[in-house]
Amino acid sequence: MTQLPDTGYTPTRGELESVEAWFAEYDAASARRDIERMADLAVFPLNLVSDDSAGDSACAQWDREQFTDTMTQVMGDGSEDIAFDSVRTPVFLGPAMVVVFTDSTMTMDGATRQLRYADILIRRDGQWAFQTMLQGGWGDNLR
């Protein structure tokens, strides 16, 4: 079992459930390849952090158009079946900020791929939105 850091904030059951519900909605939009809905669940400019093939870090900020264009290319046209099986570990920094670590298996057209990433979600007007995406291996695309 992973030992979570003591951030000084203990989320309520409702806060944990609200993050789980947010990811359920995001995953459902991803499975449908509803890129516009995925973008609705973000705050722009969106921060992206990764590493490149040389082992150096790479960062970028995307506006909504860049997000939708890139995610459309990455996720394909929707002709293949896609599903996610994810285990998430939220680390709340306070009632309005959470870092969520995800271990996921993505299955697309029968082929599986293991993913490990983290998202930073913020709460605005009572709703969660992702603001930063962190995942290794995408840095060459961020330059």
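The present account deals with the structure reproduced in this document.

## Concerning the environment of F44
- Within the secondary structure, F44 is located in strand β1 (residues 42–51).
- Residue class for F44 comes out partly exposed when judged on its relative accessible area of 25%.
- Spatially, the C-alpha atoms of F44 and R64 are 6.3 Å apart, while their sequence positions differ by 20 residues.
- Once you skip the residues sitting within four places of it in the chain, F44 turns out to touch A39, W62, D63, R64 and F67.

## Looking at the pairing of strand β5 (residues 111–124)
- With 12 bridges connecting them, strand β4 (residues 97–108) and β5 associate as antiparallel partners. Of the residues in β5, the one forming a bridge with D103 is R116.
- Following β4, the chain reverses through 2 residues before pairing antiparallel with β5; D109 in that reversal takes a positive phi of roughly 55 degrees.
- Strand direction decides the pairing type here: β5 and strand β6 (residues 127–135), joined by 8 bridges, are antiparallel. Bridge pairing in β6 links Y117 to Q135.

Definitions and limits used
Residues numbered from 1 in each chain as written. Predicted model: local features only at pLDDT ≥ 70, side-chain atom pairs only at ≥ 80, totals over all residues. Heavy atoms only, no water. Helix = DSSP H or I, 4+ residues; strand = E, 2+ residues; numbered from the N terminus. Buried < 20%, exposed > 50% of the residue type's maximum accessible area, 1.4 Å probe, protein only. Contact = heavy atoms within 4.5 Å. Pairing = 2+ DSSP bridges.

Shape is all these values report; function is a separate question.
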